[in-house]
Structure formats: C-alpha cells, structure tokens
Amino acid sequence: MIECEGLVKIYKAADLEVFALQGLDLQVEAGELMAIIGNSGSGKSTLLNMLGGLDKPSAGMLSVDGKNMLKMSEGDLVRYKRESVGFVWQNNARNLIPYLTALENVELPMLIKGRRRRQRALNLLEAVGLTHRKNNKLHQLSGGEQQRVAIAIALANQPKLLLADEPTGSLDSRMSEQILDLFRELNRTIGITIVIVTHDPELARKVDRVVSIRDGKTSSEMLRRKSYAEELEELERGIAASAEEDSHVEYAIIDKAGRLQVPAAYLESIGIKDSNKVKLELLDRTIVLTSPEKQETINSSKTVELGK
C-alpha cells in the first residue's frame, strides 16, 4: 500500500533550510494496522501529510496504492484526497462542522462527490456505535463521541487508506482504549489499511507493528511476539502473560547504504557521549561496538603486560 524510499522533505524560510525527513525508508502492506511513533520534530507528522497528499516530498520516492505521489497533478491530488485516503485529526474542530448533526457531518463528504447516501451514513454511525447520537450536534457530544464521528466521516467515501494523527491525544485513557479498539475492529472487518501517528509508546500494545522515526529517518521497528487476537484469547482463557515478558520485539532498521541509528542510551552505556567515532568489530558472527577510549585503554594494558 505504501512504499517510501530515500524520502526527503526540506522546508525553506528565508535563508534557512530545515530537513524534516532525511532519507526515510518505509513499507506498509495493504490491510496493515500500524503505528508510527517519534518525539516532536522527528518528522512523523510531515510523513503523514505527504501520505495524505497535503504536502509533496523534496526528493526520493513515495508510492501509495500504486500512485506516484511526486508526479501527481493538482487535479490528481484532489481526486486522491477525495477517494483514496481518509483523515482523522487530533483537533475535533478540524474533523467536524459544529452546526451540522453527526449524521449530516458523515453525509457531507458524499455530497461533495455528488452523491447523497443517507443509508451509508447511518451504517457508518452504527459501525462506530453512535446511531443513537445521529441527530446530535458537536456541543452535544463527548470528546470520544466526536472522535468516533470523525472516524465515520473518514470512511464515508470508502478509502483504501486511513490516516490518524494523534487520534487519542485529547482523550482520557479509557476513551483512548475504546478508540484504538474501534480502529482494530474496522481493520479486521473491512480490511482497510490504517496508519496511526502518535508520540505515545503505549499505543504499541494495540497494534502488531510500530515504526519509530528519529531525526527524519526510520530508526527501529517493534513487532508483536503474539498477535493481539491471540493475547485476548489467552486472557479470556485465564492465561496471564509474565510480567517480565515484553509484548514486542524491537529491531534496528538498516538502510540500503548499510546505515543504522543506534539509540543514544546504548551509546552512553558504552561510554560514548561527545565522540562521533566507534570501534566496530566482527567477533564470532557478532558485530561489537566499542568506545574508542575503552579500546585505547585495553591496548595500553596489553602493551604494559607485554613489556613486563
């Protein structure tokens, strides 16, 4: 569904250039439910905007559902945003029109396409559990209910890709759980590809794959040891997971040039803070990173021992 290769995005302001993405690589399969996490300024929202056709890359390759996003005309982008992709934003004011009812909000994208489909709007509200709120306006809905309406709106024109930008950022933990369960149910029942962007690592518990972005590049991936469905089944059977067992396994990402990002905590643990060098050795089919200072100390000790 999504293929990014060497993706670069540069923002220019006067004489200043800011690299939001610096050669990002990413692949997302059709029907996948995955999350992209990263700190503020890591580039995750920039990536989401480009996946949604709201911004164009400066360089690299970006393909969504077989469409080359760098070669699209403005007309192609308008059709893409109407037909291929749905958005759910953190800010509900960006999702909903306050003077319309929940039902009218869901109908609106279909009206823009020249269709009036009351029954489909009702079905979507039923899918997100809000049939009983169809005639309520924005101020009559809770934050979680507003977000559910926003998800129904995003699905109105049957997109193949659903993009969610911090969809639980303004919700409490209980409502966040319900929204994430709804994403999983929609993914399972209609097979839509869902990409959720967040800064919350706890989201990893709800999806099978989490991609971490740092400094404009994919730095690591976390893959679930057991599927979420298997974990729920075990809980229903009374089988509790060990407290020490992590739900995911984390892997570093190596780009096509053989580069990878080593977490700062790992480097600090071997004594690398201010240096930009590291000793790299291959020992018994294992790659070992060593601080240059430590290596020099070891070599000095060996020299003293030989001198004796």
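Residues numbered from 1 in each chain as written. Predicted model: local features only at pLDDT ≥ 70, side-chain atom pairs only at ≥ 80, totals over all residues. Heavy atoms only, no water.

Draft legend 1. Representation of the overall build of the protein in the model. Along the protein, the regular secondary structure elements total 10 helices and 13 strands. Counting the 308 residues in the protein, one finds 42% classified as buried. (Helix = DSSP H or I, 4+ residues; strand = E, 2+ residues; numbered from the N terminus. Buried < 20%, exposed > 50% of the residue type's maximum accessible area, 1.4 Å probe, protein only.)

Draft legend 2. Here's a closer look at the packing of helix 6 (residues 143-154) against helix 7 (residues 173-190). Following both chains from N to C, one finds helix 6 and helix 7 inclined at 20°, their axes separated by 10 Å at the closest point. The orientation of helix 6 relative to helix 7 falls into the category roughly parallel. In this structure, helix 6 crosses over helix 7, and the sense of that crossing is right-handed. Residues G144, Q147, R148 and I151 of helix 6 form the contact with helix 7, whose participating residues are M175, Q178, I179, L182, F183 and L186. (Axes fitted to C-alpha atoms, helices over the stretch in contact; angles between N-to-C directions. Parallel < 35°, antiparallel > 145°, perpendicular 65-115°, else oblique. Left-handed = near helix turned anticlockwise from the far one by under 90°. Contact = heavy atoms within 4.5 Å.)

Draft legend 3. Just the environment of P167, in detail. Inspection of the secondary structure assignment puts P167 in the loop between strand 7 (161-165) and helix 7. Residues P167 and T198, 31 residues apart in the sequence, show an inter-C-alpha distance of 7.8 Å.

Draft legend 4. Summary view of helix 7. An ideal rise of 1.5 Å per residue puts 26 Å on 18 residues; helix 7 measures up with 26 Å between its terminal C-alpha atoms. Among the residues making up helix 7, those that are buried are M175, S176, I179, L180, L182, F183, R184, L186 and N187. Of the residues flanking the end of helix 7, it is G191, one or two places downstream, whose phi is positive at about 75°. (Expected span 1.5 Å × (residues − 1).)

Draft legend 5. Spotlight on the sheet that holds strand 2 (residues 16-28). Strand order in this open sheet of four strands is 2-1-4-5, and the pairing throughout is antiparallel. The strands lining the two open edges of the sheet, one partner per strand, are strand 2 and strand 5 (67-68). Relative to strand 5, strand 4 (residues 59-64) is paired through two bridges, and the arrangement is antiparallel. Residue pairing in the sheet places V64 in a bridge with K67 of strand 5. Sheet contacts for helix 1 (residues 44-51): strand 1 (2-13), strand 2 and strand 4; angle to strand 1, the most-contacted strand, approximately 110°. (Pairing = 2+ DSSP bridges.)

Draft legend 6. The pattern of salt bridges, seen in detail. On inspection of all chains with the given rule, the structure shows 10 salt bridges. Linking E32 and R209 is a salt bridge whose minimum nitrogen-to-oxygen distance equals 3.0 Å. Of this pair, E32 sits in the loop between strand 2 and strand 3 (33-37) while R209 sits in strand 9 (residues 209-214), and the two are 177 residues apart along the sequence. With respect to burial, E32 and R209 carry one shared label: buried. Notably, a salt bridge pairs D65 with K67, separated by 3.3 Å at the nearest N-O pair. Ionic contacts of the salt-bridge type, sharing partners, join the residues E32, R209 and E221 into one network. (Salt bridge = Lys/Arg side-chain N within 4 Å of Asp/Glu carboxyl O.)

Draft legend 7. Region of interest: the pairing of strand 13 (residues 286-290). Of the strand pairs in this sheet, strand 12 (residues 279-283) and strand 13 are connected by five bridges, and their pairing is antiparallel. Bridge pairing links K279 to T290 in strand 13. Hairpin connection between strand 12 and strand 13: a loop of two residues separates the two successive antiparallel strands, and D284 in this loop has a positive phi of roughly 50°.

Draft legend 8. Structural view of the sheet that holds strand 6 (residues 85-88). With mixed pairing, the seven strands of this open sheet are ordered in space as 6-7-8-3-9-10-11. The outermost strands of the open sheet, each flanked by one partner alone, are strand 6 and strand 11 (248-252). When the angles between neighbouring strand axes are averaged without regard to direction, this sheet yields 20°. Alignment of strand 3 against strand 8 (residues 193-198), held across five bridges, turns out to be parallel. Each bridged residue has a counterpart across the sheet, and for I36 the counterpart in strand 8 is V197. Sitting on the sheet, helix 1 is in contact with strand 3, strand 6, strand 7, strand 8 and strand 9, with an inclination near 150° to strand 7. The strands touched by helix 6 are strand 6 and strand 7; relative to strand 6, the strand with the most contacts, the crossing angle is about 170°.

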